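Here is what each chain is made of, one letter per residue.
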Amino acid sequence: MNRKMAEVRTRYAPSPTGHLHIGGARTALFSYLWARRNNGSFVVRIEDTDVERNVADAEQKQLDGLKWLGIDWDESVDVGGPHAPYRSMERVDLYQQHLQKLIDAGHAYPCYCTAEELDEERQKQLAEGVAPKYSGRCRHLTEAEREAFRREGRTPSIRFRVPEGRILTIHDEVRGEVRFESDGIGDFIIQRPDGRPTYNFAVVVDDALMEITHVVRAEEHLSNTPRQVLLYEALGFDVPTFAHASLILNPDGKKMSKRDESVIQFIDQYRERGYLPESILNFLVLLGWAPEGDKAEEEIFSKEELINLFSLKRVSKAPAVFDTGKLNWLNNHYIKKSSTERITELAIPHLAKAGRISENPTGDERQWVTRLVGLYQEQLDWVAQIVDLTEVFFREEPVYSDEAKEVLSAEQVPEVIASLIQQLEAFTGELTPDEVKALLKSVQKETGHKGKKLFMPVRCAVTGETHGPDLRETISLLGKEKVLGRLRGFLEQRDRILG
RNA sequence: GGCCCGUUGGUGAAGCGGUUAACACACCAGCCUUUCACGCUGGCAUGCAGGGGUUCGAAUCCCCUACGGGUCACCA
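Residues numbered from 1 in each chain as written. Chains lettered and ligands numbered in written order. Predicted model: local features only at pLDDT ≥ 70, side-chain atom pairs only at ≥ 80, totals over all residues. Heavy atoms only, no water.

With that out of the way, let us pick up unusual backbone geometry. In this structure, Pro85 follows Ala84 across a cis peptide bond, with omega equal to 0°. Inspection of the secondary structure puts Pro85 in the loop between α3 (58-69) and α4 (92-104). Phi at Asn39 takes a positive value of approximately 55°, unusual for a residue other than glycine. Residue classification places Asn39 among the exposed positions, given a relative accessible area of 70%. (Helix = DSSP H or I, 4+ residues; strand = E, 2+ residues; numbered from the N terminus. Buried < 20%, exposed > 50% of the residue type's maximum accessible area, 1.4 Å probe, protein only.)

This is the structure in C-alpha cells:
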C-alpha cells in the first residue's frame, strides 16, 4: 500500500483560453467536493500547451472565478506545492524525459507527415465513409527513410504506437466499466514537431506525477481515456480512477456552444449581474448530481453540506439541462436569506452606474439606499434588477399604467388625494412609515374612505402603478416633497393624465 | 461512417425487481395581504422514447429500433 492509496487527490486542469465557463466550474466543483469529502487535496493545474490559443489573463480569470465560488485549492500556480510547477509549459523537460522512455521502449516513433498530408488523408477517409484514423505510414520507417525526410528539412512529431487487438477497460465511477478496442484508435501524436506535448500526453504525465487518484472531467473526454490508459501502462504508471460527468445542455436540450445566447455561460457574467456565489455553487452541483436518500428531497445545500454529501457515484450519466428558472429561484432564495446590508453593497454599483446614487454613498444616502434595497430585496432574482425595479423612485413624474388610470378615475379620488395633500402640508418632522400610516388614518377619518378605496388611489397617484411594495415605506422613502409634488401634479393635470 | 454514452411530467430530478412513480421549478386554484411580491394549502405523469424478451411481477435486467450527444486534431 503506497501513499497514493492513502490520500485522495483530484485536480481541475483548465486551459487558459478564457473566462471560467459554467461547465468548467461544475467540473472543478465536483473535483473539489470529492477531494474535500475525503480529506484529500485539490490541485488546479494550467494546461497551456496550446500556446496559440492562450489568452493573457485567462489563467487569473479562472482562478478568480473559482475563488469567488468558494472553491479553494491546495496546490497551484499561485501557492505552489510539492509537485510544482503547475503550468504545463513549465514542465516540458518532464514530458521530454518520459517521451524518451517511450521511444527507448519502442512505444513511440517519429512521424514525418506534414499537417497538410494528414489532413488530406483524413478528408479522403471521410469522403469514403471510413472512420478517420491515422494510417500508420511512418510506423515502420527505416533509419534511411527517416534520414531522407530529415534532409528534406522535415521535423517529426512523435506518435504513440497503439498496440493491436487490445481491449481497454476503463473504470469509471459514474459509468461503470466502459470498454474500448485499441484497434479503433490510430497512432496518435504525443509531441508536436516543436517539442510541445499534446494534451493526451501531458495530462497523463502530469496526473501521474502529481499523484492524482481521481480524474473528474466532462464526458467529452471519455473517448480520450483509452488513449491515456495506454500511455499510463506504457509509462508504468498506476491508472487513476475516472469519473466522467455528462455534458450540460442549453434549455433547448442542445449542447451549449460558446456562442449560444440562450444562456449566460460565464461565471463572471453571473457575478456581474448580482448572482450570489452560494447560489451558483448550489445550482452547479445540482447540474448532474443528486444527493442520496432523504436528502434527495432537498434542493438547498451549503458548501459544507455538499462536502459531507457529495459522491461521484451519484453523478448522473444523463446530460443535464441548464434551467435558468431554477437558477433564478435559487438565487432569489439566497438573496432573501442574505442581510440587506450585503445586498445593498452589491446593489450600489448598479444604482450608481445608472446615475441614481453616488458611487460610494455614506451617511443618510447610504441609509436611504439600504431601506430602498430592503423594500425590493425579496423579489430580486438577481441584484442588477434593482435598477429597473426602483425606477419609480428616481423619475420626476410617475408613468401611469392603464390599470392605474382606471383606479384614478373613480369618483372619490380627488377628495382623497386633496385630503392627503392637506395632511402632508400640515405635517412637520420626519416622515417615517408610522407617520405615513397616521396620515392615511386621518385621511380615512376625514373622507370616510378606507381600504382599497383609500390606498389604491394613493398608490396609483404616487407611483403610477396598481402594485408595488409596502405603501407606507414607499411614501416615506420618496419623501414629503416628492410625494406632494406628485399628488399636486396629479390633481392639476388629472384630465390630461386620465386622457 | 466506426467506437462510446445517454433517453422518467412543461422543466430539473428521485427511483437500483414488488412504491399511490419522491422532491423541486414552472403552471392553475384557494388562503393571507390596502396592491404586488413573500408565505401557506391543494391540484398537476393511466406512466418511465418505441418494440420485443426474462420474471409470479420491470421505469428498474437483456436484445433490437428510434432519437439525442460525445469522440475519431500537431484543441483541451
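A few words now on the side chain of Arg196. Among the structural elements, Arg196 can be located in the loop between β7 (188-191) and α7 (199-209). Take Arg196: its relative accessible area is 9%, and that puts it in the buried class. Separated by 2.9 Å, the side chain of Arg196 and the backbone oxygen of Thr49 make a polar contact. Here Glu52 takes part through its side chain, which lies 3.5 Å from a polar atom of the side chain of Arg196. Excluding its chain neighbours within four sequence positions, the residues that come into contact with Arg196 are Thr49, Asp50, Val51, Glu52, Met89, Ile190 and Gln191. (Polar contact = N/O pair within 3.5 Å; in protein donor to acceptor, adjacent residues only side chain to side chain. Contact = heavy atoms within 4.5 Å.)

This brings us to the packing of helix α13 (residues 340-353) against helix α14 (residues 363-376). Contact geometry for α13 and α14: axes closest at 9 Å, N-to-C directions at 105°. Relative to α14, the element α13 lies roughly perpendicular. Across from Thr340, Glu341, Ile343, Thr344, Glu345, Ala347, Ile348 and Leu351 in α13, the residues of α14 making contact are Arg366, Val369, Thr370, Val373 and Gly374. Here the contact of α13 with α14 is composed, by residue class, of six nonpolar, four polar and three charged. (Axes fitted to C-alpha atoms, helices over the stretch in contact; angles between N-to-C directions. Parallel < 35°, antiparallel > 145°, perpendicular 65-115°, else oblique. Nonpolar A, V, L, I, M, F, W, Y, C, P; charged D, E, K, R; others polar.)

Overall, the coordinates contain 39 salt bridges when judged by the stated rule. When the shortest N-O distance is used, the salt bridge between Arg53 and Asp50 registers 3.2 Å. Residue classification places Arg53 among the exposed residues on the basis of a relative accessible area of 58%. Put simply, Glu425 and Arg488 hold a salt bridge, and the shortest N to O gap is 2.9 Å. Of this pair, Glu425 sits in helix α17 (residues 413-426) while Arg488 sits in helix α21 (residues 480-492), and the two are 63 residues apart along the sequence. (Salt bridge = Lys/Arg side-chain N within 4 Å of Asp/Glu carboxyl O.)

It is worth spelling out the domain arrangement of chain A at this point. Here chain A is partitioned into domain 1 (1-77 + 246-337), domain 2 (91-245), domain 3 (344-391) and domain 4 (395-498). For domain 1 versus domain 4, the distance between C-alpha centres works out to 49 Å. (Domains from an automatic or database assignment.)

What follows covers the nonpolar core. Looking at soluble globular proteins, one finds that nonpolar side chains tend to be buried together. Of all hydrophobic cores here, the largest spans 96 residues; its most connected members are Leu69, Ile267, Ile280, Leu284, Phe310, Phe322 and Leu487. Element by element, the count of residues in this core is highest for helix α2 (residues 22-37), at nine residues. Every residue in contact with Ile280, bar those within four places of it in the chain, is listed here: Trp68, Leu69, Ile267, Tyr270, Tyr275 and Leu327. Judged by nonpolar contacts, the second largest core, of 30 residues, contains Val43, Tyr86, Tyr95 and Phe160. (Core = buried A, V, L, I, M, F, W, Y, C linked by side-chain atoms within 4.5 Å.)

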